[in-house]
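Geometric and topological summary
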Amino acid sequence: MHIPNNTRENILEPEFLSDIDSWHGHIPFAFEIIRNTKPKRFVELGTHKGDSYLSFCQAVEHFQTGTKCCSVDTWQGDEHAGSDAELYGTDIYETLSAYHNEKYSTFSTLMQMTFDEALSHFSEGSIDLLHIDGLHTYEAVKHDFETWLPKMSTQGVVLFHDIEVRYSDFGVWQLWDELLKQYPGFGFTHSYGLGVLAVGDETPEWINEIASLSPDLLETWKKKYEFYGRAILSHSYQRQIEYFKRLLEQKDVEISALKEQLENVSDELSQKQKELVIAQMTVNRRDTRLTALTAQIEDIGKQYAFAQQASQE
Ligand SMILES: C[S@@+](CC[C@H](N)C(=O)[O-])C[C@H]1O[C@@H](n2cnc3c(N)ncnc32)[C@H](O)[C@@H]1O
């Protein structure tokens, strides 16, 4: 048995990477599964900004596999992916759709609807490769798997993201453990885990070869993909570091402008304080003068009264 070949130089560079990096570590495998199994139809359930989906599309175009691709998502988010405006504003779908339509619309369609609504658009046994990456509770992913299973062809392979996530109510790991007892498959542990499950009777040769490697060889083979995946991830991190550096530089400029404003305001304030001290001194002087004048008037009043009294006597 030989290890299905792949080398770093052989593996494409991803053309699309957003700031959502949870799937980036699996992009080399996405390229290779398309290249080696040449699915006739690929469907993704859960696309968000497009990091996984666009890597499948890039491989389809690059290797000219003739695969028809469909992505299904409401682009409204869910309780795990989040649903706030920053993550799921209308611009997320529009940005993806503009990029996608320019490059891949000849063989790929974005379907903005629920996974259940999309079911009726696919006939039984028509999908060779399915990637399930929607809501990650046990119930949701089981529902997605069971409702889409009849759509899988005899060569069908299903990919599950997040099989390694065991916190909160993530439950893909649990379904994955159950399914591995019924179907042949293997799973990657990096980048939250990716399960690869062969659900048909005519599993593609490439998948069969990998699934039947001895545990040691399989580990070595998977490590290679983990290594390639980490190279992409470090590239994503580098881009994020550069983005945050630019943001910091912008903030530094804003802080210097604010400091300058503050200095101007402080100068004005100390000028006003000086003026206030001078005004207070003037008022004090006038107060003193007023008191002296009042005393003088009282004195004159008394003298006048005294003079009047003397003239009457
Ligand atoms: C984890 S994200 C997908 C991540 C994507 N594969 C990537 O590479 O970044 C899950 C997506 O599934 C979508 N989703 C979840 N449940 C859905 C359902 N029942 N119908 C349609 N879309 C759904 C959400 O809107 C969200 O965009």
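Heads up: the structure comes first, above all this text.
In this report, the structure presented in the accompanying data block is examined. Keep in mind that this is a model prediction, so the values were computed, not measured.

Moving on, we get to the nonpolar core. For soluble globular proteins, the rule of thumb is that nonpolar side chains tend to be buried together. Counting 42 residues, the largest nonpolar core has Phe 29, Ile 33, Phe 56, Leu 159, Phe 186 and Trp 221 as the members making the most contacts within it. Mapped by element, the contributors of at least two residues to this core are helix H1 (27-37), helix H2 (51-63), helix H4 (90-104), strand E5 (152-161), strand E6 (185-188), strand E7 (194-198), helix H8 (205-211) and helix H9 (215-312). If we skip the residues at most four places from it in the chain, Phe 29 touches Leu 159, Phe 186, Phe 188, Leu 194, Val 196, Trp 206, Trp 221 and Tyr 225. Listed in part, the 28 residues of the second largest apolar core include Leu 119, Trp 148, Val 158 and Val 199.

The next thing to look at is the packing of aromatic side chains. Inspection of every chain in the model, using the stated rule, returns 25 aromatic pairs. Consider the rings of Phe 188 and Trp 221, whose centres lie 5.9 Å apart with planes at 35°: the pair is tilted. Taken as a pair, Phe 188 in strand E6 and Trp 221 in helix H9 lie far apart in primary sequence, 33 residues in all. For Phe 188, a relative accessible area of 1% corresponds to the buried category.

Although it is not a glycine, Gln 64 adopts a positive phi angle of roughly 50°. For Gln 64, the position within the fold is in the loop between H2 and strand E2 (68-73). The class for Gln 64 is exposed, based on a relative accessible area of 64%. Although it is not a glycine, Ser 168 adopts a positive phi angle of roughly 50°. Among the secondary structure elements, Ser 168 is positioned in the loop between E5 and helix H7 (172-180). With relative accessibility at 64%, the residue Ser 168 sits in the exposed group.

Calculation notes
- Residues numbered from 1 in each chain as written.
- Predicted model: local features only at pLDDT ≥ 70, side-chain atom pairs only at ≥ 80, totals over all residues.
- Heavy atoms only, no water.
- Core = buried A, V, L, I, M, F, W, Y, C linked by side-chain atoms within 4.5 Å.
- Buried < 20%, exposed > 50% of the residue type's maximum accessible area, 1.4 Å probe, protein only.
- Helix = DSSP H or I, 4+ residues; strand = E, 2+ residues; numbered from the N terminus.
- Contact = heavy atoms within 4.5 Å.
- Phe/Tyr/Trp six-rings, centres within 6.5 Å; stacked < 30°, edge-to-face > 60°.

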